[in-house]
Amino acid sequence: MINVLSVDLEDWYQTELLKVAPSEWDRMDDRVHIGTNLILDLLDQHDVKATFFILGYIARSNPALVKEIAARGHEIGCHGYWHRHVYHQNPDDFRQDVRAAQASIEDVVGQAVTLYRAPSWSISRQTLWALDILAEEGFTCDSSVQPFWTPLSGIHGAPAVPFRPVIDGREIPILEFPPTTVGFGALRIPFSGGFYIRAMPFWVSCLALRHVNTKGPGMIYLHPWELDLEQPWLKGLCPVRRLHSLNSHTTLGKLQGLLTRFQFAPLSRVIANQTFPVMTV
């Protein structure tokens, strides 16, 4: 079974928990290359290619890094431009953000970008219109509909497997590949990336992914800042926001362990030549 390996290319200060305003980004310490280079070198060691969902802002501010990712043979996707949650935008704002990000990335890599992931999985039940817009803008696969609810994101009861979405009786011409969870009845347990991999014992992540692989492919995701152990610390963070760096010292080793125990490939390779169910969101 071949799983998807994906990276959300964003810098430490662009994350939801830290809440640094985009107007301040140009003043922040640019460190995205540190974790990204660690990931790229490790993937080279294991001869694994991944899908990198890239912020349009990163493509504009770090074009050499984005070119390096593409030159090493990795797949390029879009992560929006300003890392704004979809549910904080109206349809016109969202379309403009997607277009700006897509154009910025394509200008750097010289190839069409047709894969999308919303910042923080932020396509909600109220913003399912975003899937229509993505399809209209030429995207063929989305990875934004989280099949469990948290105060930050997610849709309780959404399909937990890759599917062709139906909204209000209409099939949307796009494939949805949600973040991988393991189920216990109606309960969906996240384990497959970001905070969840950092917080959980490694053996739990392995056991969960093996269980998922008895039925189909899973998807692992991470962020470069999760490997950067010397990133600046913003003063005055509340305890919840300190989760931003919880167990970051374990991220590189856990990624190494996953690459040793499982097979991975970019998203487009995993979904190629497969038929996926049509399901209602």
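About the criteria used
Residues numbered from 1 in each chain as written. Predicted model: local features only at pLDDT ≥ 70, side-chain atom pairs only at ≥ 80, totals over all residues. Heavy atoms only, no water. Pairing = 2+ DSSP bridges. Helix = DSSP H or I, 4+ residues; strand = E, 2+ residues; numbered from the N terminus. 1 Å grid on protein atoms, 1.4 Å probe; cavity = no way out; pocket = protein on both sides within 12 Å on 5 of 7 lines; lining within 4 Å. Points joined across faces, edges and corners; volume = space filled by probe spheres on them. Core = buried A, V, L, I, M, F, W, Y, C linked by side-chain atoms within 4.5 Å. Buried < 20%, exposed > 50% of the residue type's maximum accessible area, 1.4 Å probe, protein only. Contact = heavy atoms within 4.5 Å. Salt bridge = Lys/Arg side-chain N within 4 Å of Asp/Glu carboxyl O. Polar contact = N/O pair within 3.5 Å; in protein donor to acceptor, adjacent residues only side chain to side chain. Axes fitted to C-alpha atoms, helices over the stretch in contact; angles between N-to-C directions. Parallel < 35°, antiparallel > 145°, perpendicular 65-115°, else oblique. Nonpolar A, V, L, I, M, F, W, Y, C, P; charged D, E, K, R; others polar. Arc of directions from axis to C-beta.

K.L.:
Would you take a moment to explain the sheet that holds strand β13 (residues 278–280) for this structure?
P.N.:
Strands in a sheet are paired, the pairing made by backbone hydrogen bonds, and the direction either parallel or antiparallel. Pairing is mixed across the open sheet formed by 3 strands, whose spatial order is β7-β6-β13. Looking at which strands have only one partner, the edges of the open sheet turn out to be β7 (170–171) and β13. As defined by bridge partners, strand β6 (residues 164–167) adjoins β13 across 3 bridges and the pair is classed as parallel. Considered in β13, the bridge of Val166 is made with Thr280.

K.L.:
Looking at this model, I keep getting lost on empty space enclosed by the protein. Mind explaining?
P.N.:
Left-over empty space is what a probe sized like a water molecule reveals as it rolls over the atoms. One pass over the full model with this rule turns up 2 cavities of 30 Å³ or more. Approximately 80 Å³ is the volume attributed to the largest cavity. If you go around the largest cavity, the residues you meet are Gly193, Gly194, Ile197, Arg198, Ile220, Tyr221, Leu222, Glu226, Thr251, Lys254, Leu255 and Leu258. At the level of elements, α6 (194–199), β11 (219–222) and α8 (251–261) are the ones that each hand at least two residues to the lining of the largest cavity.

K.L.:
Sorry, what's going on with the nonpolar core here?
P.N.:
It is characteristic of soluble globular proteins that their nonpolar side chains tend to be buried jointly. By size, the foremost hydrophobic cluster in this structure holds 69 residues, and its most contacted members are Leu5, Phe52, Ile54, Tyr116, Ile123, Leu134 and Phe264. Sort the elements by how many residues they give to this core and helix α4 (residues 91–109) lands first, with 6 residues. Non-local contacts of Phe264, meaning those with residues more than four positions away in its chain, are made with Ile2, Asn3, Val4, Leu5, Val48, Leu209, Ile220, Leu258 and Leu259.

K.L.:
Hey, could you run me through the pattern of salt bridges in this one?
P.N.:
A side chain of one charge can pair with a side chain of the opposite charge when the charged atoms of the two come close. For the structure shown, the criterion picks out 14 salt bridges. Its salt-bridge partner being Arg95, residue Glu136 comes within 2.7 Å of it at the nearest N-O pair. Here the residue Glu136 occupies a position in helix α5 (residues 129–136), and Arg95 occupies one in helix α4, the gap between them amounting to 41 residues. For Glu136, a relative accessible area of 55% translates into the label exposed. Where salt bridges share partners, they join Asp41, Asp44, Glu68 and Arg72 into one cluster.

K.L.:
What should I look at first to understand α5 in this one?
P.N.:
Since the α-helix turns once every 3.6 residues, residues separated by three or four places project in the same direction. Buried residues of α5: Ala130, Leu131, Asp132, Ile133 and Leu134, and no others. At its buried positions, α5 is contacted by α4, β4 (115–116), β5 (141–142), β6, β7 and β8 (175–176). Immediately downstream of α5, the backbone of Gly138 shows phi near 95°, a positive value.

K.L.:
Looking at this structure, how should I read the side chain of His79?
P.N.:
With respect to the helices and strands, His79 occurs in the loop between β3 (75–78) and α4. Separated by 3.0 Å, the side chains of His79 and Glu10 make a polar contact. Looking at His79, its side chain comes within polar contact range of the main-chain oxygen of Arg117, at 2.9 Å. Here His79 is in contact with Asp8, Glu10, Phe53, Ile54, Leu55, Tyr116, Arg117, Ala118 and Pro119, once residues within four sequence places are set aside.

K.L.:
I'm lost on the packing of helix α1 (residues 32–46) against helix α3 (residues 63–71) in this one. Help?
P.N.:
Two numbers describe a pair of packed helices, the interaxial angle and the distance between the axes. Interhelical geometry of α1 versus α3 gives an angle of 10° and a closest axis separation of 11 Å. Regarding the angle of α1 to α3, the classification is roughly parallel. Here Val32, His33, Thr36, Asn37 and Leu40 of α1 lie close against α3, whose contacting residues are Leu65, Glu68 and Ile69. The residue makeup of the contact of α1 with α3, split by class, is 4 nonpolar, 3 polar and 1 charged.

K.L.:
Quick question: what am I supposed to make of α3 here?
P.N.:
Listed in full, the buried residues belonging to α3 are Leu65, Val66 and Ile69. One side of α3 holds all its buried residues, which, seen down the axis, span an arc of 100°. Residues of α3 that are exposed and point more than 90 degrees away from the buried face comprise Ala64 and Ala71. A positive phi of about 90° marks Gly73, the residue just after α3.

K.L.:
It is not clear to me how the environment of Glu176 should be interpreted in this structure. Could you clarify?
P.N.:
Relative to the assigned elements, Glu176 resides in strand β8. A residue is classified by how much of its surface remains accessible, and Glu176, at 0% relative accessible area, is buried. Separated by 43 residues in sequence, Glu176 and Ile133 have C-alpha atoms that sit 14 Å apart. Not counting the four nearest positions on each side in its chain, Glu176 is found in contact with Leu131, Asp142, Ser143, Ser144, Val145, Val161, Pro162, Phe163 and Pro165. Here the side chain of Glu176 touches Val145 through a polar contact of 2.9 Å, landing on its backbone nitrogen.

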